[in-house]
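Chain and residue survey
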Amino acid sequence: MKFYDTLTEALQRPPLYKRSSAPFWEDEHISAQMLKAHLDPKGDGASRNADFIDRSAQWINGLFSGKGAELLDLGCGPGLYAERFSRCGYRVTGMDISGRSIDHAVRSAAEQKLSVRYLCQNYLTAEFENQTFGFAVMIYCDYGALTPQERQIVLKKVFSCLKNGGKFLLDVFSPTFFAGFVEGQTWEVCPHGGFWNGSPHVLLQSRYRYPSRVTLERSIVLTETNLYEYNIWNTCFSREELIDEVRGAGFSVCGTWSDVAGTPYADDSPTMALLLEKRS
């Protein structure tokens, strides 16, 4: 009966922003799968594909035009953007919570003789008081994966560590993405393990839509001995909503695009990118 109650509860729509019950980025098995997805040059599962990242890094370099400047890459993963920024002449600091991704990034930079400083830290709790940057990026819609309170923390921390006139580029999912997000539930038997767990398990996946254009992708993993739940939240912003939010933190808005590769802004794009500036 206890197992039945636990499973029944896990299959219910969770309250808004309910946390995962088990580590995600720090999990040995999942972080290995995430790194593999990051490094797939044709995939868009963890990072965007290599061709997009190439175009994106070149566009961002032209947007910033700050060779030699200090650049902060929040949620840098295995360093795919950080390496490209370093080759453009920026002094890059990459920060990510995944130790596996950071370890890979450090090795990769050493092999290529790139001078990138990597920090394995949670950017929500990291201290930036003694660091000053000319530019900062937060790419692949990480901003919308945070709760409203966490977003305010990020905006405050980035604002405090930017020089006057410093710029911050971020991207988010849009109402078009939300409109195409379909609710549903599926299940799968994984006798040889899978992305979420290396042991035999049953995978129950759900997709939910919430008010204020919040989505949830939820994975329940049932092994022989345990139940794990992983919740991935995303807020989808209109341009006006996002501009109001970042202006409330003191930023000015320099421009909007459909993505971080400089595609002109369109209302029907599934993503949106904003360039912000710190002004005295």
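Our structure is the block above this text.
A brief look at the structure comes next. Everything numeric in this text was worked out from a predicted model, so none of it was measured.

Its location among the elements puts Asp259 in the loop between strand E10 (251–257) and strand E11 (271–278). Buried charged residue Asp259 carries no salt bridge. Nearest counter-charge: Arg55, at 5.8 Å. A polar contact is formed between the side chain of Asp259 and the side chain of Thr263, at a distance of 2.8 Å. Every residue in contact with Asp259, bar those within four places of it in the chain, is listed here: Phe52, Trp59, Thr271 and Ala273.

Let's shift gears to a negative patch on the surface. On the surface, Glu240, Asp244, Asp267 and Asp268 cluster together into a negatively charged patch. You can see Asp244 is positioned in helix H8 (residues 239–248). Overall, the relative accessible area of 54% leaves Asp244 in the exposed class.

Spatially, E6-E7-E8-E9 is the arrangement adopted by the four strands of the open sheet, whose pairing is antiparallel. Lying at the two open borders of the sheet, with one neighbouring strand each, are strand E6 (184–190) and strand E9 (227–235). Averaged over all pairs of adjacent strands, the angle between their axes in this sheet comes to 15°, without regard to strand direction. Across nine bridges, strand E7 (residues 201–210) lies against strand E8 (residues 214–222) in antiparallel orientation. The partner of Ser206 across the bridge, within E8, is Arg218. Along the sheet, helix H1 (residues 2–10) makes contact with E7, E8 and E9, crossing E8 at roughly 155°.

Scoring rules and cut-offs
The residue numbers shown here count from 1 along each chain, following its written sequence. Predicted model: local features are reported for residues with pLDDT of at least 70 only, side-chain atom pairs are reported and counted for 80 or more only, and whole-chain, interface and lining totals are derived from all residues. As a rule here, side-chain values cover all heavy atoms of the structure and leave hydrogens and water aside. Numbering goes from the N terminus for both helices and strands, where a helix is a DSSP run of H or I of at least four residues and a strand is a run of E of at least two. Accessibility here uses a 1.4 Å probe with only protein chains present; expressed as a share of the type maximum, an area under 20% marks a residue as buried, one over 50% as exposed, and anything in between as partly exposed. When charges are counted, Lys and Arg are positive and Asp and Glu negative, with His and the chain ends excluded. Salt bridges are counted wherever a side-chain nitrogen of Lys or Arg sits within 4 Å of a carboxyl oxygen of Asp or Glu. Pairing of N or O atoms within 3.5 Å defines a polar contact, subject to two protein rules: one partner must be a possible hydrogen donor and the other a possible acceptor, and residues neighboring in sequence count only if both atoms are side-chain atoms. Residue contacts are defined here by distance: any two heavy atoms, one from each residue, within 4.5 Å place the two residues in contact. Residues forming no salt bridge and having over 30% relative accessible area are the ones grouped into patches, like charges within 9 Å of each other and nonpolar side chains (Val, Leu, Ile, Met, Phe, Trp, Tyr) within 5 Å. To be clear on the numbers: accessible area is Shrake-Rupley with a 1.4 Å probe, and residue cover counts the displayed protein chains and nothing else. Charged groups are reduced to one reference atom each: NZ for lysine, CZ for arginine, CG for aspartic acid, CD for glutamic acid. Paired strands, in this sense, are two strands between which DSSP finds at least two bridges. All axes here are fitted lines through C-alpha atoms, helices being fitted over the stretch that makes contact, and every angle between N-to-C directions spans 0 to 180 degrees.

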